[in-house]
Amino acid sequence: MCRLCSPTTPRALCPARPPLFSPPTETSSGAAAAQAARTNITAAPLPELSGEKGTRILIKGGVVMSVDDAVGNFAKGDVLIEGSKIVEVAAHIDAADAHVIDASGKIVMPGFIDTHHHQFETGLRSSLSDAIVVNDGKPENARNYYEAMLLGFSQHYRPEDVYINELYGGLAQLDAGVTTVMDVSQIHHSAQHSDAAIEGLRDAGRRGVFGYFEGWWDGKEHPGGARRIREQYFSSDDQLLSMVMGGEIYIEGYEEMWQIGRELDLQIALHVVTTFGMTPTFDALAKKGVFGPDNIFIHMTGMTDDAWKAAADAGAHVSLSVPIEMHMRHGQPPIQKALDLGMSVSLSSDVECTMSADFFTQMRGMITLQRMHANELALGGGDHPSLMRCSDAIRHATIEGAKGLRLDGKTGSLTPGKEADIILLDAEALNVAPLNNAPGAVVTLMDRTNVDTVMVAGKIRKWQGQLLGHDLDKLRSELEQSRDYIFEKAGVQQDLFA
């Protein structure tokens, strides 16, 4: 990072780094044009221009995985972007008026979509690495997620703590290629807390779905504040941010949350976890016939067959956090159950106080668990489901998440007309080369270090491994200060080896 960089503006072209882009050219063609594109570089700040009306960018010569059967995949292909939109995806595109990004050696694909992430907990990463979700009475589990986080740490957040946690968590996932998130912010203790969460999502610069879940303080605006928030922040569909209503059935008064959500035409998202004793309540709701295509059910562990059928028949969406579900005793991740019922299934990271929020972890967790169960049945000589393929895992990490959040008309695939939420993954890196299978490389070999370039609605947010537009050292310092304040107020001593 050079002296010209500013925390308030996108990063300038650092003199010590190689040129980023080629300028448009009207005179060159063929191989000569390609060579000119790599050598005749202007100092124009294209990261600032990207995503703007009239700016055309050609991502050229990459391994293109569109996640759209109608578009197809290309061993060597191009993606043309104009402003915020994808214009064309093909084996070869001529666009002399476009800035060119040389994508040779890169896999070009849609950004990952996380349908459930508690971003307000970013500053408490790994603090509950060994915790299960609720207290089971055993001494080793006395420090559990529900009591330590929701009834403990979260009670002490100020609006400024909410903001820095939301912003830093959003940037970290953006750096890892997650271009869309549904933020499950159970931190709405006041209107100021809610506003801070929205501002943190906005300032990260990626596509975000604001999840208006619970708050705990006396005088809280929740749940009726959804009406103000909807009108103030989400009256337009033509923006990066949208809104979902939390409808947690373990909280008294959840019926009002569902009523408000449907009044405002918002999806209703909720955790459905057997270890919280939700099965009878969820069963009762299933029998009442209140489920709908506006429901996002998170985890769905331990529910009855009748409730599952009611959810599937209603067209509800399922968000799975497979590593967390296995680690924190939510119950067995119901991957096969949801697939067998033909439900739309997405992936989500859940809580960074316990597990990484990168999507390579999520995809590997899903595919290895599904295959483990199927393989065990096969070894026993019985019937077994088809083995999940790497391309399937990628769909769950992209287009299925978009469907679940009602965003598949905008994102989730490299489809002309959709917004350009695109990532370039380094397939020539030491942990991947030589490239032999593109979906396999992404799912079974890659990690966040392979994320080279990230675009959201055509705007370049990360380039050649560097996140743009933020003073990360300053933000990290602010996050540490927030962490120290919350630990102190919660009366918890910081111990790196606890």
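Since this is a predicted model, take the numbers as computed values, not measurements.

### Regarding the packing of aromatic side chains
Piece 1. Throughout the structure, instances matching the rule amount to twelve aromatic pairs.
Piece 2. Between Tyr250 and Phe276 the ring centres are 5.3 Å apart and the planes differ by 45°, which places this aromatic pair in the tilted class. Pair noted here: Tyr250 is in the loop between β9 (241-246) and α7 (254-263) and Phe276 is in the loop between β10 (267-273) and α8 (279-288), with a separation of 26 residues, a long-range link.
Piece 3. For Tyr250, a relative accessible area of 23% gives the class partly exposed.
Piece 4. A centroid spacing of 5.0 Å and a plane angle of 65° characterise the contact between Phe291 and Phe297, whose relative ring orientation is edge-to-face. Assigned by exposure class, Phe291 and Phe297 land together as buried.
Piece 5. Taken together, the ring pairs connect Phe210, Tyr212, Tyr233 and Phe234 into an aromatic cluster.
Piece 6. Sitting over the ring of Tyr485, Arg158 keeps its end group 3.5 Å from the ring centre.

### Some details on the environment of His92
Piece 1. Along the polypeptide, His92 turns up in the loop between β3 (85-90) and β4 (99-102).
Piece 2. When the C-alpha positions of His92 and Leu80 are compared, they lie 9.9 Å apart, and in sequence the two are twelve residues distant.
Piece 3. In this structure His92 touches Lys60 and Asp78, once residues within four positions along its chain are discounted.
Piece 4. Polar contacts involving the side chain of His92 include one to the side chain of Lys60, which spans 3.4 Å.

### Side note on the pattern of salt bridges
Piece 1. Tallied over the full model, the rule gives 25 salt bridges.
Piece 2. With a closest N to O distance of 2.7 Å, Asp294 and Arg262 form a salt bridge. Here Asp294 is found in the loop between α8 and β11 (295-301), whereas its partner Arg262 is found in helix α7, with 32 residues between them in sequence.
Piece 3. Take Asp294: its relative accessible area is 11%, and that puts it in the buried class.
Piece 4. With a relative accessible area of 34%, Arg262 lands in the partly exposed category.
Piece 5. Through salt bridges that share partners, Arg56, Glu82 and Asp97 make up one connected network.

### Section: the nonpolar core
Piece 1. Judged by nonpolar contacts, the single largest core of 80 residues is most densely connected at Phe112, Phe291, Met363 and Val442.
Piece 2. Among the elements that take part in this core, helix α12 (residues 359-379) stands out by supplying six residues, more than any other.
Piece 3. Leave out the neighbours within four places in its chain, and Phe112 touches Ala176, Gly177, Val178, Thr179, Thr180, Phe359, Phe360, Met363, Ala397, Thr398, Ile423 and Val442.
Piece 4. Formed by 39 residues, the second largest nonpolar core is a distinct cluster that contains Val134, Val181, Phe210 and Cys353.

### Side note on unusual backbone geometry
Piece 1. The peptide bond linking His222 to Pro223 adopts the cis configuration, its omega dihedral lying at 0°.
Piece 2. Checked against the element boundaries, Pro223 lands in the loop between β8 (207-212) and α6 (225-233).
Piece 3. In this model, Ala433 is joined to Pro434 through a cis peptide bond whose omega is 0°.
Piece 4. Along the chain, Pro434 turns up in the loop between β14 (422-426) and α15 (438-445).

### Looking at the confidence of the model for the chain
Detailed reading of predicted coordinates is not advised where the pLDDT is low.
Piece 1. Summarising the model, the chain shows a mean pLDDT of 91, and 91% of its residues fall at 70 or more.
Piece 2. Of the regions scoring below 50 in pLDDT, residues 1-22 engages in 42 contacts with residues more than four places distant in sequence or in other chains.
Piece 3. Note on residues 25-44: pLDDT under 50 across the span, and 18 contacts to partners over four residues away in sequence or across chains.

### Structural notes on the side chain of Gln370
Piece 1. Mapping Gln370 onto the fold places it in helix α12.
Piece 2. Only 2.9 Å separates the side chain of Gln370 from the backbone oxygen of Ser386, close enough to count as a polar contact.
Piece 3. Not counting the four nearest positions on each side in its chain, Gln370 is found in contact with Ile335, Gln336, Pro385, Ser386, Leu387 and Met388.

### Concerning the sheet that holds β11
What links the strands of a sheet is backbone hydrogen bonding, and the strands pair in either a parallel or an antiparallel sense.
Piece 1. With parallel pairing, eight strands are arranged side by side in an open sheet as β6-β7-β8-β9-β10-β11-β12-β13. The open sheet has two free edges, formed respectively by β6 (112-117) and β13 (345-347), since each of these has just one partner strand. When the angles between neighbouring strand axes are averaged without regard to direction, this sheet yields 25°.
Piece 2. In the sheet, strand β12 (residues 317-320) pairs with β13 via three bridges, with the strands oriented parallel. Paired with Val318 across the strands is Val345, a residue of β13.
Piece 3. Contacts between helix α5 (residues 191-204) and the sheet are confined to β7 (178-185), β8 and β9, with β8 contributing the most and set at about 165° to the helix.

### Description of the packing of helix α4 (residues 159-175) against helix α16 (residues 472-490)
Piece 1. Taken N-terminus to C-terminus, the directions of α4 and α16 make an angle of 135°; their axes are 9 Å apart at the nearest point. Of the possible angle classes, the one that applies to α4 and α16 is oblique. In this structure, the crossing between α4 and α16 has a hand that is left-handed. The residues of α16 that touch α4, namely those facing Asp161, Ile164, Asn165, Leu167, Tyr168 and Leu171, are Leu472, Leu475, Arg476, Glu478, Leu479, Ser482, Tyr485 and Ile486.
Piece 2. Among the residues making up the contact of α4 with α16, the classes are represented as nine nonpolar, two polar and three charged.

Conventions adopted
Residues numbered from 1 in each chain as written. Predicted model: local features only at pLDDT ≥ 70, side-chain atom pairs only at ≥ 80, totals over all residues. Heavy atoms only, no water. Phe/Tyr/Trp six-rings, centres within 6.5 Å; stacked < 30°, edge-to-face > 60°. Helix = DSSP H or I, 4+ residues; strand = E, 2+ residues; numbered from the N terminus. Buried < 20%, exposed > 50% of the residue type's maximum accessible area, 1.4 Å probe, protein only. Lys NZ or Arg CZ within 6 Å of the ring centre and 35° of its normal. Contact = heavy atoms within 4.5 Å. Polar contact = N/O pair within 3.5 Å; in protein donor to acceptor, adjacent residues only side chain to side chain. Salt bridge = Lys/Arg side-chain N within 4 Å of Asp/Glu carboxyl O. Core = buried A, V, L, I, M, F, W, Y, C linked by side-chain atoms within 4.5 Å. pLDDT = per-residue confidence, 0-100. Pairing = 2+ DSSP bridges. Axes fitted to C-alpha atoms, helices over the stretch in contact; angles between N-to-C directions. Parallel < 35°, antiparallel > 145°, perpendicular 65-115°, else oblique. Left-handed = near helix turned anticlockwise from the far one by under 90°. Nonpolar A, V, L, I, M, F, W, Y, C, P; charged D, E, K, R; others polar.

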